[in-house]
Structure formats: C-alpha cells, structure tokens
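Observations on the three-dimensional arrangement
Spelled out from the first residue to the last, the chains are:
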Amino acid sequence: MTSKTNKIISLVVAIAIIISLVVLIYVNLPKPTETTDDEPPAHKESPTVFTLIYNDELQNFTLGELERLEPYNAKGGYRTQSGFIKGLGNYTGVNITTLVDNLQPVPYRYTLQVFSDDGENASYNYSTIIGNVDIYNPDNASDPNPIGKGNMTMVLVYQYEDEWLNESSDGKLKIAFLDGNGSITKSSLWWKKVISIRIITE
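What comes next concerns the included structure. (Residues numbered from 1 in each chain as written. Predicted model: local features only at pLDDT ≥ 70, side-chain atom pairs only at ≥ 80, totals over all residues. Heavy atoms only, no water.)

Under the counting rule described, the total for this entry stands at seven aromatic pairs. Between Phe50 and Phe61, the aromatic rings sit 5.9 Å apart at their centres with planes inclined by 40 degrees, giving tilted as the arrangement. Separated by 11 residues along the polypeptide, Phe50 in strand S1 (residues 48–54) and Phe61 in strand S2 (residues 57–62) bring together distant segments of the chain. Judged by relative accessible area, Phe50 falls into the buried class, the value being 0%. A residue is classified by how much of its surface remains accessible, and Phe61, at 10% relative accessible area, is buried. Ring pairs connect the aromatic residues Tyr78, Tyr91, Tyr160 and Trp190, which therefore count as one cluster. (Phe/Tyr/Trp six-rings, centres within 6.5 Å; stacked < 30°, edge-to-face > 60°. Helix = DSSP H or I, 4+ residues; strand = E, 2+ residues; numbered from the N terminus. Buried < 20%, exposed > 50% of the residue type's maximum accessible area, 1.4 Å probe, protein only.)

What follows is the structure, encoded as structure tokens:
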C-alpha cells in the first residue's frame, strides 16, 4: 500500500514539474511587437519630402506632416508660352505664408528660392509671393497680354483633383498660384518637383 502511495505521489510531483517547465518556457517566449497607427514601425515611417530653409536652420517635413498643416484648397491653371492653358483644376496644399508663419522669428519681408529635385531653382520676390501677379484670359489662351492683376495665393500643393500628385511627372510637390475663380497665371510661376524652399530676408 505504501509503495502504491509513493508511486502516486511521485507521479503527481512529476506532472507538477512538467507543468511548471511548460509555463516557464511559455512565459519566456519572445512576444511579437505590437504597433499602433499612432506609432508605425520604423521601416514604415514616411521619408522627408520637403525642407524649409531659414537662417541656416532646416525644417524637414514628411508628406503627412504637410497634410496636417492648415490646408488650402482653390482653383488655378497656367498659360504656356506657346499659348495653351494647362493644369486647370482644383488643388490642395499649404499656403506659403502658413509655412513662413511657423518660423521664429517670423520674417516681415522676404524672397524665396525654390529648388526642384533636378537641381533647378526659381526665385520669387515678395510681390509675387503675396499673389500680385498677371492673370490671363481663360477663353483666349492665344492672347499673350494679361487681362489684369490677380489677388492669387502662392501654394505648395500636394493634391490635384483630390489625387496625390504624380511623382513621375510633377513630383510629390509643386508651386501653384490659386484663387476661388481658377484664374490663369503664366506657366513660369508654377514650379514642379519641389523638394526645398529657402527663405531670404530683405
């Protein structure tokens, strides 16, 4: 009887040891890393698409960060030197003055140098930046003469007709001049494949 009891006790102890080992192994197994929408994995983080340069300071922006700034939505289009109207439609982006207003100290008067990914650049004086530019007849693209001055808004755009800009043609970002009427401006004011803007104080 004693021998049988000892065997039962030994069996119970052995089972308890096995269960303990299984639990110990399970507890120490590596757990998969959980991610949330707020904290994406490092390899999924968006790259920098735009840099704002001011007083030797660089502000880098991902596309998502630009999108989270106050958006500006309006219409526009441009007249080419050969007398065609192109790019007419609705655009969404960031008003240039919105970008500048985030700087410290905020510059009062300034010019801009806009760079594209091919190394080309364009300069904009303050009058142009605040939208005091020529507008053209939308019904007669062959007419090279401006029909007046428009109160346009200079915008760093990332969407056209609610679609992200095509990286292969215009790049992810471009400069556009927009208003509520879809006024036509000259094509040389529009600048595609923008990657950075330098602010130069006067």
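Quick look at the nonpolar core now. Ranked by internal contacts, the top residues of the largest apolar core, which has 41 residues, are Phe50, Ile96, Leu99, Tyr124 and Ile175. Here this core takes five residues from strand S9 (residues 153–160), the largest share from any one element. Ile175 has contacts with Ile96, Val114, Tyr124, Met154, Val155, Leu156, Leu189, Trp190, Trp191, Val194 and Ile197, leaving out every residue within four places of it along the chain. (Core = buried A, V, L, I, M, F, W, Y, C linked by side-chain atoms within 4.5 Å. Contact = heavy atoms within 4.5 Å.)

All right, on to the side chain of Asp179 then. Here Asp179 shows up in the loop between strand S11 (174–178) and strand S12 (184–186). Put simply, Asp179 is tucked away with no salt bridge, and the nearest opposite charge, on Lys75, sits 8.3 Å away. Of note is the side chain of Asp179, whose polar atom sits 2.7 Å from the backbone nitrogen of Gly182. If we ignore the near neighbours within four places in the chain, the residues touching Asp179 are Tyr72, Ala74, Lys75, Asn151 and Met152. (Lys, Arg positive; Asp, Glu negative; His and termini not counted. Salt bridge = Lys/Arg side-chain N within 4 Å of Asp/Glu carboxyl O. Polar contact = N/O pair within 3.5 Å; in protein donor to acceptor, adjacent residues only side chain to side chain.)

What follows concerns the sheet that holds strand S14 (residues 194–201). Whether parallel or antiparallel, the strands of a sheet pair through hydrogen bonds between backbone atoms. Here five strands make up an open sheet; going across it, the order is S2-S1-S14-S5-S6 and the pairing mixed. In the strand order of this sheet, the two ends are held by S2 and strand S6 (121–124), each with one partner. Averaged over all neighbouring strand pairs, the angle between strand axes comes to 20 degrees, with direction disregarded. The pairing of S1 with S14 spans four bridges and is parallel. If you follow Thr51 over to S14, its bridge partner there is Ser196. (Pairing = 2+ DSSP bridges. Axes fitted to C-alpha atoms, helices over the stretch in contact; angles between N-to-C directions.)

Tracing the sequence through the fold places Thr92 in strand S4 (residues 85–95). Not counting the four nearest positions on each side in its chain, Thr92 is found in contact with Pro71, Tyr72, Asn73, Val157, Tyr158 and Gln159.

Looking now at the environment of Asp134. Following the sequence through the fold, Asp134 ends up in strand S7 (residues 132–135). Asp134 sits in the partly exposed class, given a relative accessible area of 24%. Once the C-alpha coordinates of Asp134 and Pro146 are considered, the two residues, 12 residues apart in sequence, prove to be 5.7 Å apart. If we ignore the near neighbours within four places in the chain, the residues touching Asp134 are Pro146, Gly148, Lys149, Ile184 and Thr185.

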